[in-house]
Amino acid sequence: MKKSEWSDRELEELLRQMPRIHDYRDPRDIYQNISLKRKKTRQWMLPGLAATAALLLFLILMPKLMGGMHFSHESAEEKSSFSGNTAAQKDSSAFKKENASSKDAVTTKSQQANLLKTENVKTAIYEDEVGKGTVLTYWVPDAQAQILIPVSIIANQSSGQSWLTNYTELMANLQEEEWGLSDFYPLNATMKLEKDGNTVIVDVPSNHQYGQGSTTEVNFINIVQKDISTNSNCKKIKFTTNGLPGIELGNIGRKEEIDIASQNNHAYYFYFPVDSKLPFLAPSIETYNNINSAFEAMKTDQSGGLKSSLQSFPQIDHVSISNKIMYLTFDVNSSLQDNQESILSFEALLLTAKEFGIEKVRIKNSPLANLGPFDLTKEINVPIAPNLRNIP
């Protein structure tokens, strides 16, 4: 290209003589256009860089790829050696693949794997563990406020204190969110016993939140009723607002008192909070006419996040009850693994038995002499309460 013969001074004079041009664009727009142009001018470099990176990646991974090809070849040989599988085995494999494809099945397998990694521990409270303490059970909504989970503690019994005093003093120490449940306690209410000792007065402030939505209302009534019925022999609840009779609940309406009905004949399931290795043992919403129906229901998942608690437990062949002792016989072909999942299944069975008035359980033909801390050669007392938790 021919070199320009214009001097710098001549170029400046020439530019001054040209008409002035005004650019009314925003400076940010100008900068953005310049940036875009500069990026476009460099796109020619991308194919070369991509090709170079791909070559380097290939050189790095080539040994591993060769190893993988060898592994695949061996796998093919192994598959061919098992070509004589029966049709039943193929059907079983297809069934497992179909289950693994569903989200619920994957979640359940992951939860079971976590269970097998945990220590073999009991999760309920038994008579020999209470000592001089007293057991209190609080019913807490799950994270989605769909079901109620019983959580139990062992409290020091102070002389002269009633169960209600202990109950109200300790509810502020519950760690519901850390346990993967809804933050519900302490109640925005004061509670006291009437002189007859059979009635609990629940007094709420005028600005209480328990009338805000049907779920909140139902949970409040159910929780207060379950807390009182589980921890005492009281028969009635009276509601007051700032000392005046009655409580206003938007959907339910005005409530002044309710009777505490007996709540039994439930089946116990697993409830897994998010990121928890151990599940809570939670009762079903439904009730059952007899314990055989409850055991049958416990083999399948239920609504509200309740998972089967007997799916991996030995098949129960026969049940008989005499003098509040339940005798179980397993199917002769059943096996029982000594692991955390089996312990929790057995505890769910014990808690379900308690729901039907049973005090002890005896297994006649157990494949194992011991299941974790349980001696299966003897009668086992049902738990006092489920889901032991420690609080500050």
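Residues numbered from 1 in each chain as written. Predicted model: local features only at pLDDT ≥ 70, side-chain atom pairs only at ≥ 80, totals over all residues. Heavy atoms only, no water.

Peer 1: Whenever I open this one, the overall build of the chain confuses me. Can you help?
Peer 2: When its secondary structure is counted, the chain shows 9 helices and 17 strands. By residue count, 35% of the 392 residues in the chain fall in the buried class. Within the chain, counting contacts between residues at least 6 apart in sequence, those at least 24 apart form 64% of the total. In the structure as shown, the chain presents an accessible area of about 24,400 Å², 52% of it carried by carbon and sulfur atoms. (Helix = DSSP H or I, 4+ residues; strand = E, 2+ residues; numbered from the N terminus. Buried < 20%, exposed > 50% of the residue type's maximum accessible area, 1.4 Å probe, protein only. Contact = heavy atoms within 4.5 Å. Areas by Shrake-Rupley, 256 points an atom, 1.4 Å probe, with all protein chains shown as cover.)

Peer 1: Looking at this structure, how should I read the pairing of strand β12 (residues 316–322)?
Peer 2: The side chains of a regular strand alternate, first on one face of the sheet and then on the other. Across 6 bridges, β12 lies against strand β13 (residues 325–330) in antiparallel orientation. Note on β13: the bridge partner recorded for Ser 322 is Ile 325. Counting the residues in the hairpin turn of β12 and β13 gives 2 residues, including Asn 323, whose phi is positive at 55 degrees. (Pairing = 2+ DSSP bridges.)

Peer 1: Can you help me understand the side chain of Asp 227 in this one?
Peer 2: Counting through the fold element by element, Asp 227 comes out in helix α7 (residues 214–231). At a separation of 2.9 Å, a polar atom in the side chain of Asp 227 contacts the main-chain amide nitrogen of Trp 139. Setting aside residues up to four positions removed in sequence, Asp 227 forms contacts with Thr 137, Tyr 138, Trp 139, Tyr 167 and Tyr 185. (Polar contact = N/O pair within 3.5 Å; in protein donor to acceptor, adjacent residues only side chain to side chain.)

Peer 1: Just to check I follow, could you spell out the nonpolar core for this structure?
Peer 2: The tendency in soluble globular proteins is for nonpolar side chains to be buried as a group. Membership of the largest hydrophobic core comes to 81 residues, with the highest contact counts inside it found for Tyr 167, Tyr 185, Phe 295, Met 326 and Phe 346. In terms of residue count, helix α9 (residues 340–355) provides more of this core than any other element does, 8 residues in total. Not counting the four nearest positions on each side in its chain, Met 326 is found in contact with Ile 291, Phe 295, Val 319, Ser 320, Ile 321, Leu 349, Ala 353, Ile 358, Lys 360, Val 361 and Arg 362. (Core = buried A, V, L, I, M, F, W, Y, C linked by side-chain atoms within 4.5 Å.)

Peer 1: What exactly am I supposed to notice about the side chain of Thr 352 here?
Peer 2: Checked against the element boundaries, Thr 352 lands in helix α9. At 2.8 Å, the side chain of Thr 352 and the backbone oxygen of Ala 348 are in polar contact. Excluding anything up to four places from it in sequence, Thr 352 contacts His 266, Ala 267, Tyr 268, Ile 291, Ala 294, Phe 295 and Met 298.

Peer 1: What is the right way to look at the pairing of strand β11 (residues 280–283) in this model?
Peer 2: Burial along β11 is two-sided: the face carrying Phe 280 and Ala 282 and the face carrying Leu 281 and Pro 283 are both buried. Two strands pair when backbone bridges link them, and strand β10 (residues 268–271) and β11 are joined in this way by 4 bridges, in the antiparallel orientation. Bridge pairing in β11 places Tyr 271 opposite Phe 280.

Peer 1: I keep staring at helix α6 (residues 163–170) and nothing clicks. Help me out?
Peer 2: Because an α-helix completes one turn every 3.6 residues, residues spaced three or four positions apart along the sequence face the same direction. When α6 is considered as a whole, its buried residues turn out to be Trp 163, Leu 164, Asn 166, Tyr 167 and Leu 170. One side of α6 holds all its buried residues, which, seen down the axis, span an arc of 160 degrees. (Arc of directions from axis to C-beta.)

Peer 1: Please clarify how the environment of Leu 193 should be interpreted in this entry.
Peer 2: Tracing the backbone through its elements, the reader meets Leu 193 in strand β3 (residues 190–193). Relative accessible area serves as the criterion here: at 32%, Leu 193 is assigned to the partly exposed category. The spacing of Leu 193 and Ser 162 is 31 residues in sequence and 9.3 Å in space, taken between C-alpha atoms. Every residue in contact with Leu 193, bar those within four places of it in the chain, is listed here: Trp 163, Leu 164, Thr 199, Val 200 and Cys 234.

Peer 1: What is the right way to read the packing of aromatic side chains from this model?
Peer 2: When we look at a pair of aromatic rings, we describe it by the centre distance and by the angle of the planes. Under the definition given, this model contains 11 aromatic pairs. Look at Tyr 138 and Tyr 185: their rings are 5.4 Å apart centre to centre, the planes differ by 80 degrees, and that puts the pair in the edge-to-face class. Linking Tyr 138 in strand β1 (residues 133–141) with Tyr 185 in the loop between α6 and β3, this pair joins segments that are 47 residues apart in sequence. On the basis of relative accessibility, which here comes to 0%, the residue Tyr 138 falls in the buried class. (Phe/Tyr/Trp six-rings, centres within 6.5 Å; stacked < 30°, edge-to-face > 60°.)

Peer 1: Would you mind showing me how to read the sheet that holds strand β14 (residues 360–363) here?
Peer 2: One key point about sheets: their strands pair by backbone hydrogen bonds, in either a parallel or an antiparallel sense. Strand order in this open sheet of 4 strands is β12-β13-β14-β17, and the pairing throughout is mixed. Each end of this open sheet is capped by a strand with a single partner; those strands are β12 and β17 (380–381). Across the sheet, α9 is in contact with β12, β13, β14 and β17; its angle to β14 comes to roughly 130 degrees. (Axes fitted to C-alpha atoms, helices over the stretch in contact; angles between N-to-C directions.)

Peer 1: Would you take a moment to explain unusual backbone geometry for this structure?
Peer 2: Residues apart from glycine generally show negative phi values, whereas peptide bonds are mostly found in trans. Backbone torsion omega between Tyr 185 and Pro 186 reads 0 degrees, so that peptide bond is classified as cis. Not every positive phi belongs to a glycine, and Ala 145 is a case in point at roughly 55 degrees. Within the secondary structure, Ala 145 is located in the loop between β1 and β2 (148–156). The phi dihedral of Asn 387 is positive, around 55 degrees, even though this residue is not glycine. Secondary-structure assignment places Asn 387 in the segment after β17. Overall, Asn 387 belongs to the buried group, its relative accessible area being 1%.

Peer 1: Hey, could you run me through the confidence of the model for the chain in this one?
Peer 2: Low-confidence regions, as indicated by low pLDDT, have predicted coordinates that should not be scrutinised in detail. For the chain, mean pLDDT is 81; residues scoring 70 or higher make up 70% of the total. Counted against residues more than four places away or in other chains, residues 24–46, with its pLDDT under 50, gives 3 contacts. Considering only residues more than four positions removed or in separate chains, one finds that residues 67–103, a stretch of pLDDT under 50, has 6 contacts. (pLDDT = per-residue confidence, 0-100.)

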